[in-house]
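Residues per chain, in single letters:
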Amino acid sequence: MVRRKKTNVTVRRGTDRQDRLRSAVAGLKGVVRFNAPLKEYTSFHIGGPADVLVEPVNTEDIVQLVMQAHAQKLPIFVLGGTNVLVRDKGIRGVVVNLAKLRAIKEEPGSVLYAEGGVGMPTLIGYAIRRSLAGLEWAAGIPGTVAGCVVMNAGTRLGEMKDTVKAVRIVTPSGAVIDCPAQDIAFSYRRAQLPAGIVAGVWLQLKPGVRSDIEKVVKDYLRYRRDTQPLALPSAGCVFKNPPNDSAGRVVEAAGLKGAHVGDAEISDKHANFIVNQGHASAREVLALIKKVRAQVARKTGVKLELELKLVGQA
Ligand SMILES: Cc1cc2nc3c(=O)[nH]c(=O)nc-3n(C[C@H](O)[C@H](O)[C@H](O)COP(=O)(O)OP(=O)(O)OC[C@H]3O[C@@H](n4cnc5c(N)ncnc54)[C@H](O)[C@@H]3O)c2cc1C
């Protein structure tokens, strides 16, 4: 008797959850995928499933999704996919991917408006064709323009805060607000933005000479190819640089190049990259991170902080 009662409760709870997920995504124009394997959406090729993954087609679709998910009390996570480690049991609730929001518009005064899902390489290509300078520093960053704002992505040549003019955000209540850059507190790999989904970004660029812009971009891409393990899946730099030092240097100094747990390995080309040598799990990556932090602290006294975002359930 007791056993049968328990089973009924479980079935009803599961059904309730499915109903809520279905209601959250009802009537959207974009792609909706239940039980979506997130390893297909991450540059690491690692990650368990999302309960439901949505690719909205425009800002109105995002607004509708946000309001419906809110009504169903379901959390939303936005995934660009190039600086995150999704744990092996995946993400509960709604995962949003902005791959279909990829329009770019030129506005007067050397301003570009890019929808949130535009990839940085595409945006840089557009700027080059329009002879607009100011994004060369980002050559080789694979994330979306929205993800780059949220992370205040950067390189030794510059960072996102140098070019952002304003950001369009869909707030948790479904309002669309435009937030000027001066109201955003940017710091190292961080931007304090109003809560919500970044749906678009205005970038202030400047007129330049196409061949000069192209040369800086090509030189930086070559530098990356020479110094980073771009042929293997990764999520870029794992640790933030400690003050006045480089995380890659301290990891290497601690003798960790080539260290591995299963298929997760510290690159021997750049020690701040963990590469997936085949079928690495999030659990293996996390075990390797733990090992690196402990050995670096013991050998160099440096406490490494994660740049990589950890999400989902273990
Ligand atoms: C080979 C390689 C090289 C890299 N080189 C660099 C580098 O030189 N410099 C650098 O800074 N980074 C680098 N990265 C990391 C990564 O590309 C950047 O951090 C980028 O900004 C992440 O963008 P994303 O769209 O993939 O966001 P994700 O990594 O998916 O997300 C990062 C965070 O932003 C949030 N987020 C993403 N999109 C939105 C949105 N639309 N609205 C609200 N929140 C959002 C996510 O929820 C998450 O919290 C590299 C990565 C790789 C794989």
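Residue indices follow the written sequence of each chain, beginning from 1 at its first position. Since the coordinates come from a predicted model, pLDDT governs what is reported: local features require at least 70, and pairs of side-chain atoms require 80 or more to be given and counted, while whole-chain, interface and lining totals use all residues.

## Some thoughts on helix α3 (residues 120-129)
Next, step 1: In this scheme every C-beta is placed from the backbone, and a residue whose C-beta has 20 or more other C-beta atoms within 10 Å is buried, one with 12 or fewer is exposed, and one in between is partly exposed. Only DSSP runs of H or I reaching four residues or more are called helices, and only runs of E reaching two or more are called strands; each is numbered from the N terminus. Within α3 the residues assigned to the buried category are M120, L123, I124, A127 and I128. Burial along α3 is one-sided: seen end-on, the buried residues are contained in an arc of 140°.
Next, step 2: For the purpose of contact definition, each residue receives a C-beta atom placed from its backbone, and two residues are in contact when these atoms lie within 7 Å. Structurally, α3 contributes buried residues whose contacts are with β6 (104-107), β7 (111-115), β8 (132-133), α4 (145-150) and α5 (210-227).
Next, step 3: Backbone geometry just after α3 places S131 at a positive phi near 55°. It is the directions from the helix axis to the C-beta atoms whose arc is reported.

## Some points on the domain arrangement of the chain
Next, step 1: What marks off one domain from the next here is an automatic or database domain assignment. Segmenting the chain into domains produces domain 1 (2-96), domain 2 (104-212) and domain 3 (229-311).
Next, step 2: Centre-to-centre, using C-alpha coordinates, domain 1 lies 30 Å away from domain 3.
Next, step 3: Each side of the interface is counted separately: domain 1 has 14 residues, and domain 3 has 14 residues.
Next, step 4: Broken down by element, the residue count for the side of domain 1 that touches domain 3 peaks at 3 residues, all from strand β4 (residues 84-86).

## Things to note about the sheet that holds strand β11 (residues 164-170)
Next, step 1: Strands sit in the order β6-β7-β15-β11-β12 across an open sheet of 5 strands; the sheet is antiparallel. Because the sheet does not close on itself, it has two edges, and the strands there are β6 and β12 (176-180). The mean inter-strand angle of the sheet, taken between neighbouring strand axes irrespective of direction, is 20°.
Next, step 2: Only strands that DSSP links by at least two bridges are regarded as paired with each other. Inspection of the sheet shows β11 paired to strand β15 (residues 197-204) by 6 bridges, in the antiparallel sense. Along β15, the bridge assignment pairs V167 with V201. To obtain each axis, a line is fitted to C-alpha atoms, and for helices this fit is confined to the stretch in contact; angles are then taken between N-to-C directions over 0 to 180 degrees.

## Some remarks on the site of the ligand
Next, step 1: Contact assignment follows one rule, namely that a residue is near a molecule or strand if its backbone-placed C-beta atom lies within 6 Å of it. The local shell around the ligand holds 30 residues, among which G80, G143, A146, G147 and G236 are the closest.
Next, step 2: Listed by contribution, the elements that provide at least two residues to the shell around the ligand are β3 (76-78), α4, β9 (154-155), β15 and β17 (234-237).
Next, step 3: It is α4 that contributes the most residues to the shell around the ligand, 4 residues altogether.
Next, step 4: Asp, Glu, Lys and Arg are counted as charged, while Ala, Val, Leu, Ile, Met, Phe, Trp, Tyr, Cys and Pro are counted as nonpolar; the rest, among them Gly, fall into the polar class. Of the residues that constitute the shell around the ligand, the class distribution is 16 nonpolar, 13 polar and 1 charged.

## Describing the environment of A185
Next, step 1: Following the sequence through the fold, A185 ends up in strand β13 (residues 185-187).
Next, step 2: Judged by C-beta crowding, with 11 C-beta atoms within 10 Å, A185 ranks as exposed.
Next, step 3: Taking the C-alpha atoms as reference points, A185 and G90, 95 residues apart in sequence, are found 31 Å from one another.

## What about helix α2 (residues 59-71)?
Next, step 1: A helix is expected to span 1.5 Å for every residue after the first. Along its 13 residues, α2 runs 18 Å from first to last C-alpha, staying within 8% of the 18 Å computed at 1.5 Å per residue.
Next, step 2: Along α2, the residues classified as buried are D61, I62, Q64, L65, V66, Q68 and A69.
Next, step 3: Where α2 ends, the next residue or the one after it, K73, has phi of about 55°, a positive value.

## Structural notes on the sheet that holds strand β20 (residues 273-276)
Next, step 1: Taking strand neighbours across the sheet as the criterion, the 4 strands line up as β17-β20-β19-β18 in an open arrangement whose pairing is antiparallel. Edge positions in the sheet fall to β17 and β18 (260-261), since each has one partner strand and no second.
Next, step 2: Bridge analysis of β18 against strand β19 (residues 264-266) gives 2 bridges, and the strand direction is antiparallel. Across the sheet, the residue bridging to H260 is E265, located in β19.

## A word on the environment of A114
Next, step 1: Along the chain, A114 falls in strand β7.
Next, step 2: Once the C-alpha coordinates of A114 and M151 are considered, the two residues, 37 residues apart in sequence, prove to be 17 Å apart.
Next, step 3: Setting aside residues up to four positions removed in sequence, A114 forms contacts with I104, L123, V145, G200, V201 and L203.

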